[in-house]
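Remarks on the overall topology
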Amino acid sequence: MLKANKLALGLLLVSGVVMAQPAPTPAPPAAPPPGAAPPAAIDLRVQQRSNITPQEMQAGAGEYRERIANVITRIDTLLKEARDQKDIIRINCLTDKLVQVKASSGVADRSFTTMQESLTRGDRGSSLHEFTRITIINQNVQVLAGEAEACVGEELSYVGATRVDVEEPTAPDPNPGTPEPTVPERPPSASPYI
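Here's what I pulled together on the structure shown here. (Residues numbered from 1 in each chain as written. Predicted model: local features only at pLDDT ≥ 70, side-chain atom pairs only at ≥ 80, totals over all residues. Heavy atoms only, no water.)

1. So, the overall build of the protein
Put simply, the test is: Helix and strand definitions follow DSSP, with helices as H or I runs of at least four residues and strands as E runs of at least two, each counted in order from the N terminus. Relative accessibility thresholds used throughout: buried, under 20% of the residue-type maximum; exposed, over 50%; partly exposed, between the two (1.4 Å probe, protein chains only). The contact criterion used is simple: two residues touch if any of their non-hydrogen atoms lie within 4.5 Å. Note on areas: these come from Shrake-Rupley sampling with a 1.4 Å probe, and a residue is covered only by the protein chains present in the view.
Check the secondary structure of the protein and you find five helices and zero strands. When the helices and strands of the protein are placed in sequence order, the string is α-α-α-α-α. Residue burial in the protein is summarised as follows: out of 194 residues, 22% are buried. Across the protein, the fraction of contacts at a sequence separation of at least 24, relative to all contacts at a separation of at least 6, is 74%. Accessible surface for the protein amounts to roughly 15700 Å². Of this, 59% is attributable to carbon and sulfur atoms.

Next up, the structure:
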């Protein structure tokens, strides 16, 4: 058993030394062949092209803007209900979501205008970029719509005013079931002279 412990300790120490060794330095890159472009001039980016037509972009962006407008209307309705119920917690939650959705709607509207201008100029890259922005904004707004529907207020957490009833108990008998203590009589004196 002692040999096994020594062997394990020895392996642990040796493996720690091996692990503590610095990593070997990589070999320097090979020189480019004569006539080849230097490495910095190589473009490694992947070009991604979309197959969406300008008409599909306009229709999709219009649909996304309509969905965003529907979310604003829905949150306004929920906010009105919360105000009618005077539910401050829910009002604050819904107001926060509404502000975020309206800000996103403004960005989507500007992107839509820029996309249309880009399509008119024939700038496919810019129009595709703006369409992608509108798509992402729509996705974010749909998440905010779900969060707005989940806003809870006082109705689930508020159960009413706190009421405290205090009852003063009567003093209980310290020794129930025992007779009243009697006062002992004085014992007779031991000496008649005292």
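The structure having been displayed, the exposition proceeds.
2. Re the packing of aromatic side chains
To describe a pair of aromatic rings, you give the distance between the ring centres and the angle between the ring planes. As a reminder of what qualifies: Ring pairs shown here join Phe, Tyr and Trp side chains whose ring centres sit within 6.5 Å, with only the six-membered ring taken for Trp; geometry is labelled stacked below 30 degrees between planes, edge-to-face above 60, and tilted in between. Our definition puts a charge over a ring when NZ of Lys or CZ of Arg is within 6 Å of the ring centre and also within 35 degrees of the ring normal.
Under the counting rule described, the total for this entry stands at one aromatic pair. Stacked on the ring of Phe112, the Lys or Arg Arg65 has its end atom at 4.3 Å from the ring centre.

3. Considerations on the nonpolar core
The nonpolar side chains of a soluble globular protein tend to be buried, and buried together. Our working rule: The term nonpolar core refers to a set of buried residues drawn from Ala, Val, Leu, Ile, Met, Phe, Trp, Tyr and Cys, joined through side-chain atoms within 4.5 Å.
The biggest cluster of nonpolar side chains holds 18 residues, and the ones touching the most others in it are Ile68, Val71, Ile75, Leu94, Val101 and Val141. Elements that contribute at least two residues to this core include exactly helix H2 (54-84), helix H3 (88-121) and helix H4 (124-149). Take this core: its biggest share by element is seven residues, from H2. In this structure Leu94 touches Ile75, Leu78, Leu79, Ala82, Ala148 and Cys151, once residues within four positions along its chain are discounted. By size, the runner-up hydrophobic cluster in this structure holds nine residues, among which are Ile52, Ala61, Tyr64 and Phe112.

4. Looking at the packing of H2 against H3
Here is the rule we go by: With axes taken as lines fitted to C-alpha atoms, and helix axes fitted only over the stretch in contact, angles between N-to-C directions fall between 0 and 180 degrees. To sort the angles, those under 35 degrees are grouped as roughly parallel, those over 145 as roughly antiparallel, those from 65 to 115 as roughly perpendicular, and the leftovers as oblique. The crossing is said to be left-handed when, going from far helix to near helix, the turn is anticlockwise and less than a right angle, and right-handed when the turn is clockwise. Note on residue categories: nonpolar means Ala, Val, Leu, Ile, Met, Phe, Trp, Tyr, Cys or Pro, charged means Asp, Glu, Lys or Arg, and polar means any other residue, Gly included.
Interhelical geometry of H2 versus H3 gives an angle of 160° and a closest axis separation of 9 Å. One element, H2, and the other, H3, form an angle in the roughly antiparallel class. With respect to the hand of their crossing, H2 and H3 are arranged in left-handed fashion. In terms of residue class, the contact of H2 with H3 is made up of 18 nonpolar, five polar and eight charged.

5. Observations concerning the state of the cysteines
To keep things clear, this is the line we draw: In plain terms, two cysteine sulfur atoms within 2.5 Å form what is called a disulfide here.
By the definition in use, this model includes one disulfide. Here Cys93 pairs with Cys151 through a disulfide, and the sulfurs are 1.8 Å apart. What sets the handedness of the Cys93 and Cys151 disulfide is the S-S torsion sign, and at about -65° it is left-handed. Of this pair, Cys93 sits in helix H3 while Cys151 sits in the loop between H4 and helix H5 (154-157), and the two are 58 residues apart along the sequence. The class for Cys93 is partly exposed, based on a relative accessible area of 24%.

Read these as geometric descriptors, not functional statements.
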